[in-house]
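Descriptive structure summary
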Amino acid sequence: MSVTERALELAMAAAQAAADKKAQDIVIIDVADQLYITDAFVIASASNERQVIAIVDAIEEALLNLPEKAKPVRREGERQGRWVLLDYVDIVVHIQHAEEREFYALDKLWKDCPTMPFVDRDLADAEAQ
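Residues numbered from 1 in each chain as written. Predicted model: local features only at pLDDT ≥ 70, side-chain atom pairs only at ≥ 80, totals over all residues. Heavy atoms only, no water.

1. Focus on the overall build of the chain
- When you go through the chain residue by residue, the secondary structure sums to five helices and six strands.
- Secondary structure elements in the chain, listed N-terminal to C-terminal, are α-β-β-α-β-β-β-α-α-β-α.
- The C-alpha radius of gyration computed for the chain amounts to 14 Å, which stays within 12% of the reference 14 Å derived for 129 residues, consistent with globular compactness.
- In terms of principal-axis extent, the alpha carbons of the chain reach across some 40 × 35 × 30 Å.
- Of all intrachain contacts in the chain linking residues separated by at least 6 positions in sequence, the fraction that spans at least 24 positions is 62%.
- With an accessible surface of roughly 7,600 Å², the chain has 52% of that area assigned to carbon and sulfur atoms. (Helix = DSSP H or I, 4+ residues; strand = E, 2+ residues; numbered from the N terminus. Rg over C-alpha atoms; globule rule 2.2 N^0.38 Å. Contact = heavy atoms within 4.5 Å. Areas by Shrake-Rupley, 256 points an atom, 1.4 Å probe, with all protein chains shown as cover.)

Okay, structure coming up:
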């Protein structure tokens, strides 16, 4: 089994929204073969709690503005602003403070799963010029 087109659309939109708010180390992990409950994880870091919340807000707005709107069925961690989880069923978004990202090391936990390439559109545009 592989990531569905819908999950890919959501993951790419979430990753781009995170990049637009200067998130760091954005990774999309294909967990479809390992988990029944979701197809992909989007993981990104922020340097402070305020940036974590700004990234979360940008992702929610971006996914609501898709032609087929998406709203999270569950949100966790927003009050502390250290690790916010947005569950869209097809994807799960993890926005973590850089310290939490290093400590919990989700990337290493899921290292056996393939990652999906993501290139920030602003970087791609800058390189094309």
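2. Things to note about the sheet that holds strand β2 (residues 40-46)
- Taken together, six strands build an open sheet; the order of strands is β3-β4-β5-β2-β1-β6 and the sheet is mixed. Every interior strand has two partners, whereas the edge strands, β3 (74-76) and β6 (115-116), have only one.
- Pairing between strand β1 (residues 24-30) and β6: two bridges, direction antiparallel. Counterpart to I28 in the pairing with β6 is M116.
- The sheet strands contacting helix α1 (residues 5-20) are β1, β2, β5 (91-97) and β6, and the helix crosses β1 at an angle near 175°.
- Of the strands in this sheet, β1, β2, β3, β4 (83-87) and β5 touch helix α2 (residues 49-64), which is tilted by about 160° from β5. (Pairing = 2+ DSSP bridges. Axes fitted to C-alpha atoms, helices over the stretch in contact; angles between N-to-C directions.)

3. Structural notes on the nonpolar core
- Core analysis: the largest hydrophobic core is formed by 33 residues, its most contacted members being I59, L63, I91 and V93.
- Looking at this core, the elements with two or more residues in it are α1, β1, β2, α2, β4 and β5.
- Top contributing element to this core by residue count: α1, with nine residues.
- Beyond its immediate sequence surroundings of up to four residues, V93 is in contact with A14, V42, I59, V84, L85, L86 and Y88. (Core = buried A, V, L, I, M, F, W, Y, C linked by side-chain atoms within 4.5 Å. Buried < 20%, exposed > 50% of the residue type's maximum accessible area, 1.4 Å probe, protein only.)

4. Thoughts on the side chain of Q96
- On the secondary structure map, Q96 appears in strand β5.
- Under the relative-accessibility criterion, Q96 is labelled buried at 0%.
- When sequence neighbours within four positions are dropped, the list of residues in contact with Q96 reads I43, A44, S45, A46, V52, R82, W83, R101, Y104 and L106.

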